[in-house]
Amino acid sequence: NEYIDTLVGAQGWSVGSHHEMKYEDWQTGIPTQGIRLGGIHFVGWQGSPARDGSIHLDPSVVFGDGNHPTTVCCLQFLERIIRSRTVGSMLDLGSGTGILSLAAAAMGVRHIWAVDKNHLAVLTTRRNVQANSLTGVIHVESGEARLFVDKPFDIVVANLPFHVLRDLVTMDGVSRHKAWVVSGTN
């Protein structure tokens, strides 16, 4: 997109990848054997504690079961950044199921804010955080992404629709963060 290229180029940032997907393909569910993403093994939530370092994930009906290319891309870049530097805090804008927050916690990030304006997404993220005993690490908040951009974090992940990302990158608080991982759809 020319608009993003212009904004990113002016800041000296880099952008990669583009993928289009039909809406009905965005949520396929977690396979019985689980799914490995970003070095993390996600398994469907069965009501009992996760074993062997796996992360329980109940996608409910909200976005973020790990099968969408934008989620996979975010997890890959998130892992790359966390493995290359110290990341003590993260802001997850549009948390959906909380999959990116859960992965970051499993990779060692100790202070995470997961934000979504969709009430069902907030409830789903909270349930997933509780199922993995991460309530002391991941704080779940209801609200619009733009209301949280001015607080500094080591990394911000935002897997959101393009129009929301477009508006976020023009806000004053964008430069307060050390790294951004963004992905989304039209």
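Please refer to the structure placed before this passage.
Nothing here was measured: the structure is a model prediction, and the numbers come from that model.

Cut-off values and rules
Residues numbered from 1 in each chain as written. Predicted model: local features only at pLDDT ≥ 70, side-chain atom pairs only at ≥ 80, totals over all residues. Heavy atoms only, no water. Helix = DSSP H or I, 4+ residues; strand = E, 2+ residues; numbered from the N terminus. Buried < 20%, exposed > 50% of the residue type's maximum accessible area, 1.4 Å probe, protein only. Contact = heavy atoms within 4.5 Å. Areas by Shrake-Rupley, 256 points an atom, 1.4 Å probe, with all protein chains shown as cover. Pairing = 2+ DSSP bridges. Axes fitted to C-alpha atoms, helices over the stretch in contact; angles between N-to-C directions. Parallel < 35°, antiparallel > 145°, perpendicular 65-115°, else oblique. Left-handed = near helix turned anticlockwise from the far one by under 90°. Nonpolar A, V, L, I, M, F, W, Y, C, P; charged D, E, K, R; others polar. Salt bridge = Lys/Arg side-chain N within 4 Å of Asp/Glu carboxyl O.

Of the regular secondary structure elements, the chain holds five helices and eight strands. The order of helices and strands in the chain, counted from the N terminus, is α-β-β-β-α-β-α-β-α-β-β-α-β. Scored against the burial criterion, the 186 residues of the chain give a buried share of 46%. Of the contacts made within the chain by residues no fewer than 6 positions apart, 68% connect residues no fewer than 24 positions apart. Approximately 9,900 Å² of the chain is accessible, and the part contributed by carbon and sulfur atoms is 50%.

Before going further, it helps to spend a moment on the sheet that holds strand β2 (residues 40-44). Spatial ordering of the open sheet is given by β1-β2-β3, a layout of three strands whose pairing is mixed. Of all strands in the sheet, those with a lone pairing partner are β1 (35-37) and β3 (55-57), marking the two edges. Direction aside, neighbouring strands of the sheet carry axes that sit 40° apart on average. In terms of strand pairing, β1 meets β2 through three bridges, oriented antiparallel. Each residue of the ladder has a partner; that of L37, found in β2, is I40.

Here helix α2 (residues 69-84) crosses helix α3 (residues 99-106) at 25°, and the two axes come no closer than 10 Å. Judged by the angle between their axes, α2 and α3 are roughly parallel. Of the two possible hands of crossing, α2 and α3 adopt the one that is right-handed. Only I99, L100, A103 and A104 of α3 make contact with α2, whose side of the interface consists of T71, C74, L75, L78 and I82. Taken together, the residues of the contact of α2 with α3 sort by class into eight nonpolar, one polar and no charged.

Before going further, it helps to spend a moment on the pattern of salt bridges. Summed over the entire model, instances satisfying the criterion amount to two salt bridges. A salt bridge links E79 to R83; its shortest N-O distance comes to 3.9 Å. With a gap of four residues between them, E79 and R83 both fall in helix α2, about one helical turn apart. Assessed through its relative accessible area of 23%, E79 is described here as partly exposed. We note a salt bridge from D150 to K151, for which the minimum N-O separation is 4.0 Å. You can call D150 partly exposed: its relative accessible area is 43%.

The next point concerns the sheet that holds strand β5 (residues 111-116). Sheet architecture is open: five strands sit in the order β6-β5-β4-β7-β8, paired in parallel fashion. The sheet terminates laterally at β6 (138-142) and β8 (179-183), the two strands that pair on one side only. Sheet twist, expressed as the mean angle between neighbouring strand axes with direction ignored, is 15°. One ladder, built from five bridges, connects strand β4 (residues 89-93) with β5; its direction is parallel. Within the sheet, the bridge partner assigned to L93 lies in β5 and is V115. Those strands touched by α2 are β4, β7 (155-159) and β8, and its axis lies near 165° from that of β8. Packed on one face of the sheet, helix α4 (residues 119-131) meets β5 and β6 and runs near 165° to β6.

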